[in-house]
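# Architecture at a glance
In case you want the letters, here they are:
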Amino acid sequence: VLHLKDGSCAPLHTQGGMYFTIKLCVGTPEQCFDAVADTGSNAVIVPSCVCDEMQGSGCAKDDPCFRGTNTSSSFQSPPDTKTIFMTFGSGTIEAAIATDVVKVGSVNTMMKDGVLLMVSRAALQLHGEFQGILGLGVPKDSAVMPYLTQETEAAESGPKQAADSKQSDTWWHSLCAWFPLLCDDAE
């Protein structure tokens, strides 16, 4: 069971004891998927119907997929759609960046440029249906960094605070170099 911020819960379903999935819905009206609950990433990834329609993409024609254009009234795609490659332990996917409403349990939010629509899974070493990922890892948001770094800074500098903001900035950039998913691209 995943406990949500509103106090409700969303059930996790075991998949042969190998991993857990959770019901993840995207769009208006909702298009739902049994996404892998992944504590190692912070991404929301669902298969795009574009993947099902492209030969060599690794997607099967009958796999569940998300269609935003002309289907979800809350879907937004930038005019210059960007694709990214993400590598996981099981391989690499290619995904387009989009905006839409995402719902888990009773909690929903508009994820601006936060929904990744998988357009190719050809390099992913998974067999069978793959309905996406709900990343439960640390968000890529600089607002959470003071909470994450508080104990580390205290351990490094003892009870005394950093002498100047330059030292703090250096520490921040070092952390971003080691853990880029924790940091905004602009930082």
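Look up: the structure comes first, before these words.
Our subject in this report is the structure included herewith. Note that the structure is predicted; figures quoted are calculated from it, not measured.

### Details of the overall build of the protein chain
Of the regular secondary structure elements, the protein chain holds 3 helices and 10 strands. Along its sequence from the N terminus, the protein chain presents helices and strands in the succession β-β-β-β-β-β-α-β-β-β-β-α-α. Here the protein chain, with 187 residues, has 37% of them falling under the buried criterion. For the protein chain, long-range pairs separated by at least 24 residues make up 57% of all intrachain contacts whose partners lie at least 6 apart in sequence. For the protein chain, the exposed surface amounts to about 11,200 Å²; the carbon and sulfur share of it is 55%.

### A few points about the pattern of salt bridges
Inspection of every chain in the model, using the stated rule, returns 3 salt bridges. In this structure, Glu-30 engages Lys-103 in a salt bridge whose closest nitrogen and oxygen atoms are separated by 3.3 Å. Within this pair, whereas Glu-30 is found in the loop between strand S4 (19-26) and strand S5 (31-38), its partner Lys-103 is found in strand S8 (residues 91-104), the two being separated by 73 residues in sequence. For Glu-30, a relative accessible area of 42% gives the class partly exposed. With relative accessibility at 25%, the residue Lys-103 sits in the partly exposed group.

### Points about the side chain of Ser-72
Relative to the assigned elements, Ser-72 resides in the loop between helix H1 (49-53) and strand S7 (83-88). Those residues in contact with Ser-72 that lie beyond four places of it in its chain are Gly-27, Thr-28, Gln-31, Phe-66, Arg-67 and Asp-100.

### Some details on the packing of aromatic side chains
Per the counting criterion, the structure on display carries 1 aromatic pair. Relative to Phe-75, the ring of Phe-66 lies with its centre 5.9 Å away and its plane at 55°, an arrangement referred to as tilted.

### Some details on the side chain of Ser-57
Here Ser-57 lies in the loop between H1 and S7. Classification of Ser-57 as buried rests on a relative accessible area of 1%. A polar side-chain atom of Ser-57 sits 2.6 Å from the main-chain carbonyl oxygen of Cys-51. The residues touching Ser-57, leaving out its near neighbours within four places in the chain, are Cys-51, Val-119, Ser-120, Arg-121 and Ala-122.

### Description of the pairing of strand S9 (residues 107-124)
Sheet analysis places strand S6 (residues 44-47) next to S9, joined by 4 bridges and oriented parallel. Bridged to Ile-45 within S9 is Leu-116. In the sheet, S8 pairs with S9 via 12 bridges, with the strands oriented antiparallel. By the bridge assignment, Glu-94 is partnered in S9 with Ser-120.

### Observations concerning the state of the cysteines
Considering all chains together, one arrives at 3 disulfides under this definition. The side chain of Cys-25 participates in a disulfide bridge whose partner is Cys-32; the two sulfur atoms lie 2.0 Å from each other. As the torsion about the S-S bond is roughly 100°, the Cys-25-Cys-32 disulfide counts as right-handed. Assessed through its relative accessible area of 4%, Cys-25 is described here as buried. Using a relative accessible area of 35% as the deciding quantity, one classes Cys-32 as partly exposed. Bridging Cys-51 to Cys-59, the disulfide has an S-S length of 1.8 Å. Disulfide Cys-51-Cys-59: torsion about the S-S bond near 75°, hence right-handed. Its relative accessible area of 14% is what places Cys-59 among the buried residues.

### Observations concerning the nonpolar core
Counting residues in hydrophobic clusters, the biggest one holds 19 residues, and the most contacted among them are Leu-24, Val-26, Val-46, Phe-66, Val-104, Leu-117 and Leu-134. Of all the elements in the fold, those that place two or more residues in this core are S4, S5, S6, S8 and S9. Membership of the second largest hydrophobic core comes to 14 residues, among which are Cys-51, Phe-88, Ala-95 and Leu-116.

Reading the values: rules and limits
- Residues numbered from 1 in each chain as written.
- Predicted model: local features only at pLDDT ≥ 70, side-chain atom pairs only at ≥ 80, totals over all residues.
- Heavy atoms only, no water.
- Helix = DSSP H or I, 4+ residues; strand = E, 2+ residues; numbered from the N terminus.
- Buried < 20%, exposed > 50% of the residue type's maximum accessible area, 1.4 Å probe, protein only.
- Contact = heavy atoms within 4.5 Å.
- Areas by Shrake-Rupley, 256 points an atom, 1.4 Å probe, with all protein chains shown as cover.
- Salt bridge = Lys/Arg side-chain N within 4 Å of Asp/Glu carboxyl O.
- Phe/Tyr/Trp six-rings, centres within 6.5 Å; stacked < 30°, edge-to-face > 60°.
- Polar contact = N/O pair within 3.5 Å; in protein donor to acceptor, adjacent residues only side chain to side chain.
- Pairing = 2+ DSSP bridges.
- Disulfide = S-S within 2.5 Å.
- Core = buried A, V, L, I, M, F, W, Y, C linked by side-chain atoms within 4.5 Å.

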